[in-house]
Structure formats: C-alpha cells, structure tokens
Amino acid sequence: MSSDTRSATERRDEVRQRHQEAADEVLPEQTGLYIDGEFVDAADGETFDTVDPTTGEVLASVARGKEADVDDAVEAAWTAFDEEWSDYSAGRRQRVLTAIADAIEDHVEELARLETLDNGKPISEAKIDIRGAAEHFRYFAGIVRENGGETMNAGSRYGQVIKEPYGVVGQVIPWNFPLMMASWKLAPALAAGNCTVLKPAEQTPLTALRLAELIDDIVPDGVVNIVPGYGEEAGAALTGHPDIRKVAFTGSTAVGKQVMKSAADTVTDVTLELGGKSPVVVFPDVHPKKAVALVKSAIFYNTGECCEAGSRLFVHEDIADDVLDGLVSAIDDMTIGDPLDEETDLGPKVSREQVDRTMEFLEKAQEEGGQFLAGGGQPEDEALSDGCFVEPTLIEGLDHDSEAVQEEIFGPVLDVFRWDDYDEMMALANDVEYGLAGGVITDDITKANTTARDIEAGYIWINSYHDLVAGLPFGGYKQSGIGRELSADTLDHYQQTKTINLSLR
Ligand code: NAD
C-alpha cells in the first residue's frame, strides 16, 4: 500500500513539474528534417506536434516531411553514396559505427529521459533500450570486416562472388522502441555500405533527431538522412520512391502489406518486421512463481507495446490456479505511474489513439464473454488522469477465434487459456496469422525443445523472454514478416550479390 498521503492534484502537479524540468534539460535543439547534414524546415514549412503521453503536453513542433522532402533526402543520399561513402573501406565504416556507438553510450541518461518523455516507457526500460542501441552499432562494427565475399577456382574459370551495397535504402520504423528500432535499421545499412533515409514514427521522432545531432560530426553529410512525418505522407513517399533500391520496414502487418505492394511496382527488395500475437506455454513441472515472473515480463514489459509480447498464455491445468492467482497479485504489486520515476513498472501508452484502440478491444472482449481476472480499464487514480494509462489486464474465457485473441492489441493485455492436451493446445497456439515469437516455460529439456520446434514462429525463448542478443537472428514466420534483424543475415538483406566469372583461357 502506498504511504503517499498527498492529494491527487499534488501528485499530478509533481509529475507535470518533473516532466517540464526534464523537457527543459533534454529536448533536442534541432527539430527540423535532417537532410544532407543540415537541419532544415519542410519544403512547405509545415510542422506537427509530438506530445508527452504522461502529461498530455506538447513537447516539440517537428518539421513534417512530405514527398518533396523525401525527394531531397533521397537525392542527398545518392550524392553522398556516389561521391564519398561508396569509397569507404570496411575498416573505415567500422570506425564510423564504433564512434556512433560511443556517442550513444556517452548520452545514455539524456537519451533515455528523452525517450521516456516522448514515448512514455519507464525510464529503467528506456536505459536498456539506449544501451541496446549502442550495442547494436558495436555488433555490426564487429562483423563488417568479415563480409568479404568468396572466390572459386573452377578449371578454366576463376569466380568471384562479391557483395555490393544497394546504394540508397529507405527505412521506416514504429514508435515502441524509437531509438532502438533506428539502430536496428541504421547500423546494418551503414555497415553494408549503403546511405539511408530513415523515417521515424510521427509519435516519437525526438531521439532519432537527437541522434542526428550526435552523429553529425561522425558521419559524412548525406549518408544518414532523417525525415520525420506521417506514414501516408513521408512514409509512403519513401517506401514507394523509384530511386530507393531497398525498403526496410518495421510496423504493423496491415501497413507492411501496403509497403510490399508499393515496392512491387519497382521490384524493390523489401524486409518487413511486423506484428505478433505470441504464445507462452507453461508446463506443470515448473514452480508457479517462476512462471508468474516470466509471464508477467513477457506481456507487461514496455507496457505491452512489444511486437514480440507474449500476449497469449497457455498454462497447464494442473498449475493454472496458482499461476493465475500469482499473476493477479503480481499485477496488484505493479507500480503504475510516472515513467520518469525509477520505481515505475508500467507507464502510459504512447498516445490517446492507442488507449482508445486498446479499450475497444477490451469492450469487445467483454461482449464476447471474456472475464477480467485483473484490470480491464483505465486506472481510477486522478493523479494519472492527464496520461494515456491502461491497467494491466488478464482475460480468461474468450474463444480462441475472438478478435481480442486473434489480433494484436499492442497493450498490457494477456489472454489466458488452460490446457491439458498438448496437441490441442499447440493447435491453438499456432492458430493465428502471426508467427513472430513464443515462449516455453519448463524445466524439462526435452519438452522445452519439442515445444520450441512445434511453435510456428521465428524466435522462441525457453525460460526467459524479451532478451534479444545481437548475433541471434530476430524476425517472423507467417504474417509477422520477411527477413531477419540483429545478425549477419541482416547484412545480406542490405547487399546484393555479384558474380564475376573470369575465363582463364
Ligand atoms: P504502423 O504500421 O502504424 O506504423 C509504423 C511506421 O510506418 C510509422 O513510422 C508510420 O508512420 C509508417 N507508416 C504508416 N503508414 C504508412 C504507409 N502507408 N507507408 C509507409 N509507411 C507508413 O505501426 P505502429 O503502430 O507505429 O507500430 C506498432 C506495430 O509495429 C506493431 O504491429 C508491432 O508489432 C510492430 N513492430 C514490429 C517489430 C518487429 O521487429 N517485428 C518491432 C517493433 C514493432
């Protein structure tokens, strides 16, 4: 129970003040489009506001990129590629990537606070993101020199197989891990020798702009261009641009399909990192406490706004009551509130629109017979009334075909199913359009491995969740996407293969 005896108004005012002070300290000076090494206004001078989801206050007005701006950015990127970047050796690119990692690491606290202001994620999780972003640049700095190609002596022929960059790539990212997603895109694209135009999500453009400030002296002009703006404007102009040779998109499956269609017009290579509705399977041999801790993190980390979130729980009948009771108490113990507070477990969702979307799913779930074991609404605490908060929610009793089970809610909502027949459970676990990730919780190594193989998804955690290690490929099966990030495979996605067949006669 909280020992805080202050009124809701006092607590709300304290949050507002803390956010104002943080904004004064960490908001980037530049909020223009970053094109050819300069921060510029949009061609038509328009801007859009980015809002702090904890307080509802406008944080900054950001230049609103559109087609003409994307054209400028793509042109600048090609000039940089042709005149400078394509001559950089792997070793020189390695030094650039390492310097970017250093710059991020030197600003972890500042970038984390900025991310929390713009996105609403708890500051403790924001710091993990920022360190992860730096780590990602280091990983690609590490493997870039190994990317040498192959040679082959074949009788009267000598063959060389070399990897060449595409030239200029277009990259579009979502709002849930803003700087981390930017690093997942920028690091491999640069390592592979490309120049890039990156569009951050309209809800969370600020850390990408701050990164542009930080790397301005590290990366030659035009190699990295950042064009904030709306999806239908800057995003569609970029992914459909005739001079983009490769599109890398992370976002919803619905938009990913549009991106793939528009890339078809120019036969442009596409990688897609899309949505998920991942199952977590709990076997009866584990201690319920262990299952509770893992399941809680699988769904509630980052306020449930994770593509890989473990959002469907399949818990064995024999321990279901203990696990569900444990989850309800764990939810009771969660601190929901100001994400700038180190003690906070669950912050606001990113926007009012996302709250409305989650609430619609919860209403439908109730209509379809779902029972809320915990949560189901927005917190009643008046001190949180400025923010986009949704309670951590457990729903039981839904038919597996219902919308709240089949669709990605992208919030702190867990659908619960009990099982006692493995084959029936696995048929349901795989009965969704998505196939991004999954979790298995058991101390039986054989069951763990069999289940990991049976789940139709690209990434399975056994007795952990969310920890993504650079070097282990991440990406989806089915409608969760095409391609892999975080690994050597990713470099291949940013390169094309050239074969040179030399006759020795
Ligand atoms: P979204 O698809 O609405 O938007 C993603 C990005 O696409 C944004 O930058 C947006 O402006 C842009 N966009 C929107 N319409 C566009 C269009 N017509 N053409 C080009 N770009 C367009 O997704 P979101 O709500 O920002 O993010 C949440 C989604 O991202 C979830 O589905 C989540 O699962 C997914 N995601 C996937 C991964 C992964 O690695 N698989 C990682 C993070 C998030």
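Not measured: the values here are computed from a predicted model. (Residues numbered from 1 in each chain as written. Predicted model: local features only at pLDDT ≥ 70, side-chain atom pairs only at ≥ 80, totals over all residues. Heavy atoms only, no water.)

Engineer: Sorry if this is basic, but what is going on with the overall build of the protein here?
Structural biologist: Helices and strands together make up the secondary structure of the protein, namely 16 helices and 22 strands. Here the C-alpha atoms of the protein give a radius of gyration of 23 Å, agreeing with the 23 Å that 2.2 N^0.38 yields for 505 residues. With the principal axes as the frame, the protein shows a C-alpha extent of 75 × 55 × 40 Å. When the 505 residues of the protein are sorted by exposure, 57% land in the buried category. In the protein, the share of contacts with a sequence separation of at least 24, taken over all contacts with a separation of at least 6, comes to 74%. Only carbon and sulfur atoms are counted for the fraction: they give 45% of the accessible area of the protein, which is about 20500 Å². Computing the positive centroid from 41 side-chain charges and the negative centroid from 96, the protein places the two 6 Å apart. (Helix = DSSP H or I, 4+ residues; strand = E, 2+ residues; numbered from the N terminus. Rg over C-alpha atoms; globule rule 2.2 N^0.38 Å. Buried < 20%, exposed > 50% of the residue type's maximum accessible area, 1.4 Å probe, protein only. Contact = heavy atoms within 4.5 Å. Areas by Shrake-Rupley, 256 points an atom, 1.4 Å probe, with all protein chains shown as cover. Lys, Arg positive; Asp, Glu negative; His and termini not counted. Charge placed at Lys NZ, Arg CZ, Asp CG, Glu CD.)

Engineer: Would you explain the site of the ligand in this entry?
Structural biologist: Around the ligand lies a shell of 28 residues, among which Ile 173, Glu 202, Ser 252, Leu 274 and Glu 408 are the nearest. The backbone of Leu 274 places a nitrogen or oxygen atom 2.8 Å from a nitrogen atom of the ligand. Counting only elements with at least two residues in the shell around the ligand, the list comes to α8 (231-239), β10 (246-250) and α9 (253-264). Considering every element that reaches the shell around the ligand, the biggest residue donor is α8, with four residues. (Near = heavy atom within 4 Å. Polar contact = N/O pair within 3.5 Å; in protein donor to acceptor, adjacent residues only side chain to side chain.)

Engineer: Would you mind showing me how to read helix α11 (residues 317-332) here?
Structural biologist: In an α-helix, one full turn covers 3.6 residues, which means residues spaced three or four apart are oriented alike. Counted at 1.5 Å a residue, the expected span for α11 with its 16 residues is 22 Å, and the 23 Å between its end C-alpha atoms agrees. Among the residues of α11, those classed as buried are Ile 319, Ala 320, Val 323, Leu 324, Leu 327, Ala 330 and Ile 331. Turning to α11, the residues buried within the fold contact β12 (278-282), α10 (288-300), β13 (310-316), β14 (371-374), β15 (393-396) and β16 (413-419). (Expected span 1.5 Å × (residues − 1).)

Engineer: Explain a negative patch on the surface to me, please; I cannot follow it from the model alone.
Structural biologist: Together, Glu 353, Asp 356, Glu 360, Glu 363, Glu 367, Glu 368, Asp 399, Asp 401 and Asp 431 give the surface a local cluster of negative charge. Along the chain, Glu 363 turns up in helix α12 (residues 352-367). (Patch = residues over 30% accessible without salt bridge, like charges linked within 9 Å, V, L, I, M, F, W, Y side chains within 5 Å. Salt bridge = Lys/Arg side-chain N within 4 Å of Asp/Glu carboxyl O.)

Engineer: Looking at this structure, how should I read the UniProt feature "domain: Aldehyde dehydrogenase" (unreviewed entry) in the protein?
Structural biologist: Following the UniProt record, the feature "domain: Aldehyde dehydrogenase" (unreviewed entry) maps to residues 39-500 here. Secondary structure content for residues 39-500 is 40% helix and 21% strand, while the C-alpha to C-alpha distance between its ends is 42 Å. (UniProt positions renumbered as here; feature names shortened; annotations may be inferred.)

Engineer: Is there a simple way to think about the pattern of salt bridges in this case?
Structural biologist: When the charged atoms of two side chains with opposite charge come close together, those side chains can pair. As enumerated under the stated definition, the model contains 32 salt bridges in all. Among the salt bridges present, the one from Glu 164 reaches Lys 498, with a minimum N-O distance of 3.1 Å. Of this pair, Glu 164 sits in strand β6 (residues 157-165) while Lys 498 is found in strand β22 (residues 495-503), placing the two residues 334 residues apart along the sequence. For Glu 202, the salt bridge identified is with Lys 199, shortest N-O distance 3.4 Å. Among the charged side chains, a network of salt bridges with common partners joins Asp 44, Glu 46, Arg 64, Lys 66 and Glu 233.

Engineer: Please clarify how the nonpolar core should be interpreted in this entry.
Structural biologist: Ranked by size, the top nonpolar core spans 128 residues in total, and within it Ile 100, Ile 104, Val 282, Leu 313 and Leu 327 carry the most contacts. Looking at which domains feed residues into this core, each of domain 1 (17-274 + 483-497) and domain 2 (278-469) gives three or more. Once residues lying within four places of it in the same chain are set aside, the contact partners of Leu 313 are Val 280, Val 282, Val 295, Leu 324, Leu 327, Leu 414, Asp 415, Val 416 and Phe 417. (Core = buried A, V, L, I, M, F, W, Y, C linked by side-chain atoms within 4.5 Å. Domains from an automatic or database assignment.)

Engineer: Help me understand the pairing of β16 in this model?
Structural biologist: One face of the sheet, then the other: side chains in a regular strand alternate in exactly this way. The element β16 is extensively covered by neighbouring structure, given that six of its seven residues are classed as buried. Pairing analysis gives five bridges linking β13 to β16, with the strands arranged parallel. The residue bridging Arg 312 from the neighbouring strand is Asp 415, located in β16. One ladder, built from four bridges, connects β15 with β16; its direction is parallel. What sits directly across from Glu 396, in β16, is Val 416. (Pairing = 2+ DSSP bridges.)

Engineer: Can you walk me through the UniProt feature "active site" (unreviewed entry) in the protein in this structure?
Structural biologist: Under the UniProt annotation, the feature "active site" (unreviewed entry) is placed at Glu 273. Residue position: Glu 273 is located in strand β11 (residues 269-273). Given a relative accessible area of 6%, Glu 273 falls into the buried group.

Engineer: What am I meant to see in helix α4 (residues 108-119) here?
Structural biologist: Compared with an ideal rise of 1.5 Å per residue, which puts 12 residues at 16 Å, α4 spans 16 Å between its outermost C-alpha atoms and is within 8% of the ideal. For α4, a buried count of 10 out of 12 residues is recorded, marking the element as mostly surrounded by other parts of the structure. Gly 120, located one to two residues past α4, shows a positive phi value of around 95°.

Engineer: I tried to follow the domain arrangement of the protein on my own but got confused; where do I start?
Structural biologist: Interface size, as often reported, equals the accessible area lost upon joining of the parts. Parsing the protein into structural domains produces domain 1 (17-274 + 483-497) and domain 2 (278-469). When each unit is reduced to the centre of its C-alpha atoms, the spacing between domain 1 and domain 2 is 30 Å. In this complex, domain 1 contributes 31 residues to the contact, which on the side of domain 2 involves 30 residues. When the two sides are added together, the surface that domain 1 and domain 2 hide from each other amounts to roughly 2400 Å², 56% of it contributed by carbon and sulfur. Area buried by domain 1 at its contact with domain 2 is led by Pro 53, Glu 125 and Trp 175, which between them contribute 21% of it. Between Asp 338 and Arg 18 there is a salt bridge whose closest N-O contact spans 2.3 Å. (Buried area = accessible area lost by both parts, 1.4 Å probe.)

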